[in-house]
Amino acid sequence: MIRLFLLAISICTATQLYANIPYVEKLMSKMTIDEKIGQLNLMPAGNIVTGEKIESKTADDIASGRLGGIFNIKGREKIEKLQKLAVEKSRLGIPLIVGMDIIHGYETIFPIPLALSCSWNLEGIEKSARIAAEEASCVGIGWTFSPMVDICVDARWGRMAEGNGEDPYLGGLIGAAMVRGYQGNFSKPTEIMACMKHFALYGAVEGGRDYNTVDMSRVRMFNQYLPPYKACVEAGAGSVMSSFNLVDGQHATANRWLLTDVLRKQWNFNGFVVTDYGSIFEMQSHGFGPIDKNSVKALKAGTDMDMCSQGFINCLKTALEKGEVSLHEIDQACRRVLEAKYKLGLFDNPYKFCDARREKEVVYSAANRKVARDLAAESFVLLKNNQNLLPLKKQGTIALIGPLSQTRNNLTGTWSVAQNPERYETLEEGLKKALKGRANLLCTQGCNLMSDAEIQKGAEFGKTINRIDPAKGKAEALKIASQADVVICAMGECADFSGESSSRADLNLPDEQLSLLQALVETGKPVVLLNFSGRPTVLDWESKHVDAIMNVWFGGSEMAGAVCDILFGDKSPSGRLTVSLPRANGQQPLYYNHLNTGRPVSDSETQYRKYASNYIDVRNGALYPFGYGLSYTTFSYDNLRVSVHNDSVTATVKVTNTGACGSYEVVQLYIHDVYATIARPVCELKGFQRIYLKPGESRDVSIKIGRQELSYYNSDGDLIFEPGEFDIMIGKNSRDLMTKRIVLN
Ligand code: BGC
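The model shown is predicted, which means the values in this text are computed figures rather than measured ones. (Residues numbered from 1 in each chain as written. Predicted model: local features only at pLDDT ≥ 70, side-chain atom pairs only at ≥ 80, totals over all residues. Heavy atoms only, no water.)

### A short note on the packing of helix 18 (residues 427–435) against helix 23 (residues 559–567)
Argument step 1. At a minimum axis distance of 8 Å, the contact between helix 18 and helix 23 shows a crossing angle of 50 degrees. Between helix 18 and helix 23, the crossing angle belongs to the class labelled oblique. The interaxial crossing formed by helix 18 with helix 23 has right-handed handedness. Residues Leu427, Gly430, Leu431 and Ala434 of helix 18 form the contact with helix 23, whose participating residues are Ala560, Val563 and Cys564. (Axes fitted to C-alpha atoms, helices over the stretch in contact; angles between N-to-C directions. Helix = DSSP H or I, 4+ residues; strand = E, 2+ residues; numbered from the N terminus. Parallel < 35°, antiparallel > 145°, perpendicular 65-115°, else oblique. Left-handed = near helix turned anticlockwise from the far one by under 90°. Contact = heavy atoms within 4.5 Å.)

### What about the packing of aromatic side chains?
Where two aromatic rings form a pair, the distance of their centres and the angle of their planes describe that pair.
Argument step 1. Scanning all chains against the criterion turns up 24 aromatic pairs.
Argument step 2. Measuring from centroid to centroid gives 5.4 Å for Tyr211 and Phe244, while their planes differ by 80 degrees, and the two rings are edge-to-face. Note that Tyr211 is positioned in the loop between strand 7 (193–199) and helix 9 (218–225) and Phe244 in the loop between strand 8 (239–242) and strand 9 (246–247), a separation of 33 residues in sequence.
Argument step 3. The partly exposed category is assigned to Tyr211, whose relative accessible area is 37%.
Argument step 4. The structure contains a cluster of three or more aromatic residues connected by ring pairs, namely Phe71, Trp143, Phe145, Phe272 and Tyr277.
Argument step 5. Of note, Lys610 hangs over the ring of Tyr611, and the distance from its end group to the ring centre comes to 5.2 Å.
Argument step 6. Here the basic side chain of Arg690 rests over the ring of Tyr664, its NZ or CZ set 4.0 Å away from the ring centre. (Phe/Tyr/Trp six-rings, centres within 6.5 Å; stacked < 30°, edge-to-face > 60°. Buried < 20%, exposed > 50% of the residue type's maximum accessible area, 1.4 Å probe, protein only. Lys NZ or Arg CZ within 6 Å of the ring centre and 35° of its normal.)

### Topic: the sheet that holds strand 17 (residues 527–532)
Argument step 1. A sheet is described by the order of its strands in space; here six strands give the open sequence 13-18-17-16-14-15, paired in mixed fashion. Edge positions in the sheet fall to strand 13 (381–385) and strand 15 (440–444), since each has one partner strand and no second. The sheet shows a mean angle of 15 degrees between the axes of neighbouring strands, direction not considered.
Argument step 2. Direction of pairing for strand 13 relative to strand 18 (residues 548–551): antiparallel, over a ladder of four bridges. Pairing of Val381 across the sheet is with Asn551, part of strand 18.
Argument step 3. Sheet contacts for helix 23: strand 16 (486–492), strand 17 and strand 18; angle to strand 17, the most-contacted strand, approximately 145 degrees. (Pairing = 2+ DSSP bridges.)

### Considerations on empty space enclosed by the protein
Gaps between atoms show up when a probe of the same size as a water molecule is rolled over them.
Argument step 1. Enumeration according to the criterion identifies five cavities of 30 Å³ or more in this entry.
Argument step 2. In this structure, the largest cavity encloses a volume near 110 Å³.
Argument step 3. Around the largest cavity sit Met31, Glu35, Gln39, Ile62, Ser64, Gly65, Leu67, Ala86, Ser90, Arg91, Leu92 and Ile94, which together line it.
Argument step 4. For the lining of the largest cavity, the residue count by class is six nonpolar, four polar and two charged. (1 Å grid on protein atoms, 1.4 Å probe; cavity = no way out; pocket = protein on both sides within 12 Å on 5 of 7 lines; lining within 4 Å. Points joined across faces, edges and corners; volume = space filled by probe spheres on them. Nonpolar A, V, L, I, M, F, W, Y, C, P; charged D, E, K, R; others polar.)

### Regarding unusual backbone geometry
Argument step 1. Cis geometry marks the peptide bond from Lys197 to His198, where omega comes out at -10 degrees.
Argument step 2. Within the secondary structure, His198 is located in strand 7.
Argument step 3. Along the chain, Gln588 connects to Pro589 via a cis peptide bond; the corresponding omega equals -5 degrees.
Argument step 4. Backbone geometry at Tyr211 places phi at a positive 70 degrees, although glycine is not the residue there.
Argument step 5. Positive phi, close to 55 degrees, is recorded for Tyr364, a residue that is not glycine.

Interpretation in functional terms is not warranted from these geometric data alone.
In structure tokens, the structure reads:
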């Protein structure tokens, strides 16, 4: 009773003082040191609520104020129970912050982030984050561990699926759009806190092997890897997650230069920093000594909240008594966590994110699914379309073959923690529905995802897909192909081939799938390959022999319908690669915005050159370059004009839809800083416009860039503009470009 009364007072006070930090100061003045350290402790809560029961250790921790937040627990009622415990049983009734990895949607799942980035549709991506927040915010979640904006140029890393590709400029725009989508301005009950991650450089793990060492120059950090994180901070991200890796020999989680000098002082970040899962604990394996020392180092460096290591909760009080940390340092971290709860409005209403009525209306609603379906179609990248095989007509007999054709729970890809696959359609079901009986559909799995030999060599992934007898599977596939007019192959990776701890050394189509694809091509029937992947894969043989190839990534809960929209021409493909697709495994790392070397060989060179920077056995360039993608129409580019006004450069080009159907085109602007004090990339994306043109329609497209886009960072992170020559390039991808050289003073 007394507690409820206190709560009523605190709610009323919070309302009066909204956006007034004194509320937090006043609360802190009542807190014991244990309660303050408790706010810095974050633990997963996946299995701790069963029916009416809450696992006792967690219940004690919440009631005694030893937990500031919980994460990755699905179910509004369960979350409500835990929140009630915090509010009604803990001494000061401080609500929990409740997080989840809502990476690309809650139950309405959007394409994996890498795929979404290929839509180049910033508004659409912002909308996807808005919808994710709308769904999550009624089932108890106020905090999402997204956006993940790690730049990655090595496709072996499985977490490339979670990011926005290889370009720092585009990655920054997308990260900022997602922050806006999740957070708005924290004024509505549907606005939740973003957590930009993984700060920093996690995507640069050596050899693409997850959790591996990272080491790079500051110039490279500031120019190639840090811009997307900075863009998220500028967009107002309320929290930041530090990464698992080293930055300059120090763990990111205990790196004062990174978390304080760069993040807070240089970029003015004023939210809170949370570690990644168990990072403080892992520091011991990196060679930084015992957990008590590492907890101290992490706090002093600028970490505010400890995810799962229990280092802060177990060691900081003793460290304070020994004088290893100061009260001021603990207060500062506690203040930042409480401010986040305050910004979210949790002191006003701790149950703000638990709304049963809205849950019924919003989660997986028809309106949300429509947005997801449209975005999925926009994320697919058509790589090849020999003799306009696509779009297909709804007639005759169509064979659908491959291990991804009948699966329900692989379409959403990695990090779909709240997915509800029973509600989603398989590809086969989607095709049947789209064909409405106008064509005959035959479908079979045809082969295993991985061969026995591959499983023995590595590990078995994709257990959600049946294992079948390979000989029988192939025979059945060839039989239905012989009866069909066209063969659609749903092949590639399954969901767990990418994501955390899913690095691959071989990026080719797995053995059994390739062997079946080759046999199907040999039948002479037209073959369409729908390539499922969470990363760039090697499609060298496929690019020479398969008639049509579309990268469909993992398109989310509405993927099946979206694939049909494109296959049958209701929509024209408009996705453009945000990663370079390799010719061979050994090309990794591969990225379009590389430096030139002293013995350069361009990406479009077709011959080997002795004593120049290239391989004997494979050409330098990507098989399909950054920015590349086909539509069901063609676009011509001409009449490039470049004008300079004071501090800005405007490039204008005439783009014409020269084909027979309307479609979106992504007009891309790149620059090359010809001479500079620091070596600059051969090509850097600095602007783009996504436009829709009707058949025969022409438009002058102008893209303006300013000093900022023409500048680079020095090793201190200062933005430098150096006058001189610049190449201004415009075109449909990073390889097919028109160029004009200009001089800037
Ligand atoms: C991942 C993070 C994720 C966290 C919480 C970690 O293993 O690296 O990206 O947000 O778990 O689930």
